[in-house]
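Fold and geometry: a report
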Protein chains: 2
Amino acid sequence: MRHINTRRSIRRYTARDIEPKLLNRLLKDAARTQTMGNLQLYSVIVTRTAEGKAALAPAHFNQPMVTQAPVVLTICADFRRTTAWANCREADPGYDNFLSFMNAATDALLYTQTFCNLAEEAGLGLCYLGTTLYQPQAIIKALQLPKLVFPVATLTVGWPAEEPPLTDRLPMESFVHAESYLDPTPKDIDRYYSPKEALPENQEFVRINHKKTLAQIFTDIRYTRKDNELMSRSFLDALRQQGFL
Amino acid sequence: MRHINTRRSIRRYTARDIEPKLLNRLLKDAARTQTMGNLQLYSVIVTRTAEGKAALAPAHFNQPMVTQAPVVLTICADFRRTTAWANCREADPGYDNFLSFMNAATDALLYTQTFCNLAEEAGLGLCYLGTTLYQPQAIIKALQLPKLVFPVATLTVGWPAEEPPLTDRLPMESFVHAESYLDPTPKDIDRYYSPKEALPENQEFVRINHKKTLAQIFTDIRYTRKDNELMSRSFLDALRQQGFL
């Protein structure tokens, strides 16, 4: 994983397809990831057709990667297959509840990240679409996901056609705590965030949006309270609809 | 990541410590993982002291790895640092809701899995403790986690003192779907699960527990409806307590 320190999200891809043999090897190898009770509580929907991508695109706010990438992967928390197994084996499955969703979502996200690490090592470029959690109902509909299956991650995957600059990261002391959680003081916050705030691209971002601080870009534009509260309700509705709440 | 196909969870460790320099490099490199809006919505609590491990052990049903590993890592979904930043910068943060928990939990789990892949590549052995989601309140208390911080993963880490056999995995066709979700038929279930059910260790497991099928081991003993429903309620209570619901 020598690539880890030079990895970046890739949003533009060449016309080259991903050979099914390569994709399948990566999807299979990623399944070596640890999983709860060795139950593998996830599924992956592979979208390669133009129609399939077009159906998913609105759920991801029509970000162009969805229709332009050769492959879109939707990774789902899945207790349905395990439940079907139990039903076929004189066992009484009790996985239609919130804890089971969290267990399956955990399995699915760990699997997803090993896939990302493997795919990037193989030279592929990826973009992780956080929008999956914003409009799960639209994805459930597009992919015809039945009860006890819930989308938690989407990746657009292809051969890179760009090499964007590396993004910054917070200093390690801001997110690693020894023995117990140490609440950051305003002085700590200055030390952690000043380098990010001083980046020319972030200063420009604040200026063109007529904001006073970079934090306001996040709270007022990108991830607002209003949107978060609205999407929290629709996420919980989707959990109910899929039988997890 | 040539190690991926020979990786196994490691529950016994040698007496050798993990050098802080190595651990810090892994914790830092893992932060190259993609993260929502580059906000890094996670924290890691590093437990090295005997007292700290003893305080965490009951939350993990006193599994011996917790007190025997040189290092225990608790990875948390964290919107507190970002909220503190906004509060220091004339911004109005709206991250005390369920969607924000899911966003931060996602960030934390992706970070966790890159850490796992890096640590295993460096020769370390890991055990991922799913119990983190079973008794979050006990962990919150042991680590003094404030509001908007929620534990989602625990790793015990050390130098391997065992080489357990590789565990089985389901065939890829059971979890990879082309274009839309294909519900498994009873015939599919037989094909997917028969190899697992035929393993001598699983047959022995069924026999000594006086069960008829392997699936019953999961539904009646390991992950029962009663426990799942109880823990679902206490998980939601913990989300409320930490300000995410």
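Residues numbered from 1 in each chain as written. Chains lettered and ligands numbered in written order. Predicted model: local features only at pLDDT ≥ 70, side-chain atom pairs only at ≥ 80, totals over all residues.

A few words on the overall build of chain A. Within chain A one finds 10 helices and 5 strands. Projected onto its principal axes, the C-alpha coordinates of chain A cover approximately 60 × 45 × 35 Å. Counting over 245 residues, chain A shows a buried share of 48%. Counted over contacts in chain A with a minimum sequence separation of 6, partners at least 24 positions apart contribute 78%. (Helix = DSSP H or I, 4+ residues; strand = E, 2+ residues; numbered from the N terminus. Buried ≥ 20, exposed ≤ 12 C-beta atoms within 10 Å, placed from the backbone. Contact = placed C-beta atoms within 7 Å.)

With an RMSD of 0.0 Å, the operation that places chain B on chain A is a rotation of 180° combined with a shift of 0.0 Å along the axis. Put plainly, the chains are arranged around a two-fold axis. A shared interface surface links the copies, since 100% of the contact residues of chain B are contact residues in chain A too. (Least-squares fit on C-alpha atoms with pLDDT ≥ 70 in both.)

On to the nonpolar core. With 131 residues, the main nonpolar core has A:Cys76, A:Ala77, A:Ala108, B:Cys76, B:Ala77 and B:Ala108 as its most contacted residues. If sequence neighbours within four positions are ignored, B:Ala77 has contacts with B:Leu41, B:Tyr42, B:Phe101, B:Ala104, B:Ala105, B:Ala108, B:Phe150 and B:Val152. (Core = buried A, V, L, I, M, F, W, Y, C linked by C-beta atoms within 7 Å.)

If pLDDT is low for a region, its predicted coordinates should not be looked at in detail. Looking at chain A as a whole, its pLDDT mean stands at 98, while 100% of the residues score no less than 70. The complex prediction reports pTM at 0.98, with the ipTM value standing at 0.98. (pLDDT = per-residue confidence, 0-100.)

The parts lose accessible area when they come together, and the size of an interface is often stated as this lost area. Taken together, the 92 residues of chain B in the interface contact 92 residues of chain A. For the side of chain B that touches chain A, the secondary-structure elements that each account for two or more residues are α1 (20-29), β1 (42-47), α4 (80-88), α5 (98-121), β5 (176-178), α7 (186-198), α9 (214-222) and α10 (225-241) of chain B. With 13 residues, the top contributor of residues to the side of chain B that touches chain A is α5(B). Looking at the side of chain B that touches chain A residue by residue, the class counts come to 44 nonpolar, 32 polar and 16 charged. In terms of strand pairing, strand β1 (residues 42-47) of chain A meets β5(B) through 3 bridges, oriented parallel. (Nonpolar A, V, L, I, M, F, W, Y, C, P; charged D, E, K, R; others polar. Pairing = 2+ DSSP bridges.)

Take the sheet that holds strand β3 (residues 125-128) of chain A next. Across the sheet, 5 strands lie side by side as β3(A)-β4(A)-β2(A)-β1(A)-β5(B); this open sheet has mixed pairing. Lying at the two open borders of the sheet, with one neighbouring strand each, are β3 of chain A together with β5 of chain B. Strand-to-strand, the axes of this sheet are offset by a mean angle of 25°, without reference to chain direction. Direction of pairing for β1(A) relative to strand β2 (residues 71-78) of chain A: antiparallel, over a ladder of 6 bridges. Opposite A:Ser43, over in β2(A), you have A:Cys76 as the bridge partner. (Axes fitted to C-alpha atoms, helices over the stretch in contact; angles between N-to-C directions.)

Residues and elements named next belong to chain A. Of all 8 residues in β2, 8 are buried; the element is thus mostly enclosed. Sheet analysis places β2 next to strand β4 (residues 149-158), joined by 8 bridges and oriented antiparallel. Bridge pairing links Val72 to Thr156 in β4.

Within the chain, A:Asn38 stands out as a residue other than glycine whose phi angle is a positive 55°. One can find A:Asn38 in the loop between α1 (20-29) and β1. The phi dihedral of B:Phe61 falls on the positive side, at around 55°, and the residue is not glycine. Note on placement: B:Phe61 falls in the loop between α2 (50-56) and α3 (64-68). When the 11 C-beta atoms within 10 Å are taken as the criterion, B:Phe61 is described as exposed.

Let us now look at the environment of A:Arg8. Residues and elements named next belong to chain A. Structurally, Arg8 is set in the segment before α1. In the structure, Arg8 is positioned 155 residues away from Glu163 in sequence and 7.9 Å away in space, judged by C-alpha atoms. Filtering out sequence-adjacent residues up to four positions away, Arg8 remains in contact with Pro164, Leu166 and Thr167.

Okay, helix α7 (residues 186-198) of chain A next. For α7(A), which comprises 13 residues, the first-to-last C-alpha distance of 17 Å matches the rise-based estimate of 18 Å (1.5 Å per residue) to within 8%. The principal kink in α7(A), of about 40°, is found at A:Tyr192, preceding the proline A:Pro195 by one to four residues. (Expected span 1.5 Å × (residues − 1). Bend = angle between axes of the 7 residues up to and from the residue.)

Another point: the sheet that holds strand β3 (residues 125-129) of chain B. Across the sheet, which stays open at both edges, the 5 strands sit in the order β5(A)-β1(B)-β2(B)-β4(B)-β3(B) with mixed pairing between neighbours. At either margin of the open sheet sits one strand with a lone partner, and together these are β5 (176-178) of chain A together with β3 of chain B. Between one strand axis and the next, the sheet turns through 25° on average, direction left out of account. Relative to strand β4 (residues 149-158) of chain B, β3(B) is paired through 5 bridges, and the arrangement is antiparallel.

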